[in-house]
Structure formats: C-alpha cells, structure tokens
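Residue strings, one per chain:
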Amino acid sequence: TITAEQLIKILDDNSNDSTFDNSTPLIFKHEPLLLHVAASCLPRAEKLLSLALSLGFRESGIVSTPKRCTVAIRGVGLSLSVPLARSGPLRPSNEYLEALVKEANDRFILNDAKLVALYEKVKSDLFVVTETGDTDEGYADASNTGTMRGAQNDSYEAIFRPLPPLNLWGHAAVAVPSSASDGCNSDVNVYAFGGHGTGSEANGRCERSDAFYCLSRSDGNWADSWKRLNA
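Here's what I pulled together on the structure shown here.

What counts and how
- Residues numbered from 1 in each chain as written.
- Predicted model: local features only at pLDDT ≥ 70, side-chain atom pairs only at ≥ 80, totals over all residues.
- Heavy atoms only, no water.
- Salt bridge = Lys/Arg side-chain N within 4 Å of Asp/Glu carboxyl O.
- Helix = DSSP H or I, 4+ residues; strand = E, 2+ residues; numbered from the N terminus.
- Buried < 20%, exposed > 50% of the residue type's maximum accessible area, 1.4 Å probe, protein only.
- Pairing = 2+ DSSP bridges.
- Axes fitted to C-alpha atoms, helices over the stretch in contact; angles between N-to-C directions.

1. Side note on the pattern of salt bridges
Per the stated rule, a full pass over the model turns up five salt bridges. A salt bridge links Lys102 to Asp106; its shortest N-O distance comes to 3.0 Å. Taken together, the residues Lys102 and Asp106, both in helix H3 (residues 94-126) and four residues apart, mark about one turn of the helix. Owing to a relative accessible area of 52%, Lys102 belongs among the exposed residues under this scheme. One salt bridge in this structure joins Asp125 and Lys121, with 3.5 Å as the shortest N-O distance. You can see Asp125 and its partner Lys121 sitting in helix H3, four residues apart, about one turn around the helix. What makes Asp125 partly exposed here is its relative accessible area of 35%. You can call Lys121 partly exposed: its relative accessible area is 30%.

In structure tokens form, the structure reads like this:
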C-alpha cells in the first residue's frame, strides 16, 4: 500500500526542477491478480475455472491449444489506472489524491483477500489430504506431510510454503533444472529479470530493474532468499 503523503511528495519533489516536463502524465496504477495455470487436461481446467468464477474472478477463462490447456484467472474488476502530473490540469488537489490513495489501498486489500480465498479454495476443493499411513486405495504415505489426491484419485505429495519476496512486477522468469528430474525433490534454479520494483533487497527506489536474480531449490528445499547475480 501507499500513503497520500508519499504520493503528494512524489508529485511535489520535482515540481520546480527545470529538467522535468511537469505536465507529462504519470500513471498511478493498481494491478490486480493475473494468474495463468497450465492444467493437465480440459476437464481439470474447467474445474479450476469454475472455482475461480465462484470466487468473483469473472474475467477468467480457458485458453486451449493442442499442446496445453491454460486457465487464466483474472481480477480485472479491481484494476485502477489514473493519469497524474506534477503540474497543470492533471495535477489534482491533495484532497483528491487522498481519496485516490484510499481507493487504491482498498482495492489492494480486497485483491489480497481474494487471493487468499483462492488459495484456500484450491486446497480444499482440488486436493484431499489423507492422514499419515493411510493405505486406502493402495496408497501409503511414509512422510510427515501427508499425501494429496487429485480429482482422478492420482496421488501427490504437496507442501505449501510461501517463496521469498522478489518485490518486482511485470518481470519475466524461467525455471531451469539443475539435476535430473525427481518430482518435488529435483534441483532447479528460477531466474527472474526485468520488471519494476525494488528487487529482493527492498532497500532502494522503485524503478525499472536491470538486475538478474536466482532462486534455487536443492533436495526439495527452496533457498531463503533470492540471490542477485552479477551481469
């Protein structure tokens, strides 16, 4: 979230700087959830889409090609995009900016709540947790995490853990295996680059990123933080 004081300071900081064209519009934006999920088959894609629609993600849909079925979960109804300027007709009053920030923060909080609801709904409706040692249907679980059964009674092991924040949006990412595939225990490096934000350090200005970051998984465990790579 952002405070009205922060936004006003950004607009006022360079209002007297001759190197800036103060009438050039800036875009104040809130971008809601956009999630693409590759499904193993069309029936499973349809089930995930139905779940998303039931939670109010009305702009969601399915993209089906001969190679894959992808569910696009969108919350476009919470988007916000307003042109502002440091001076001129697009520089509104501070009272308007305070109301604008409140509206954006309200949408941010609602978007976060819908994301949590989606996460919980996926866990409860698309997977069924069985107790350790349950041998029903011939599946035995020797771990302490329990097994997860899909809609077709396939057996999975699922561990839900938040990944360390990258603090970038609009970036690109690619996962590169670093060892032979072994399900959830295979080693992999995730590389991220581009986008806007502060990066994993979260101690600088919010700006276009020219850095490369790597998040590694080894023996089934993710690293605690993203590593910034030298160009």
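Next comes the rest of the write-up.
2. Thoughts on the sheet that holds strand E4 (residues 69-74)
Strand order in the open sheet formed by three strands is E2-E4-E3, and the pairing between neighbours is antiparallel. Sheet topology places strand E2 (34-39) and strand E3 (61-64) at the edges, where each strand pairs with a single neighbour. Strand-to-strand, the axes of this sheet are offset by a mean angle of 25°, without reference to chain direction. Pairing of E2 with E4, which is carried by six bridges, proceeds in the antiparallel orientation. Each bridged residue has a counterpart across the sheet, and for His36 the counterpart in E4 is Ala72.

Honestly, that's just the spatial picture; any functional story needs more than this.
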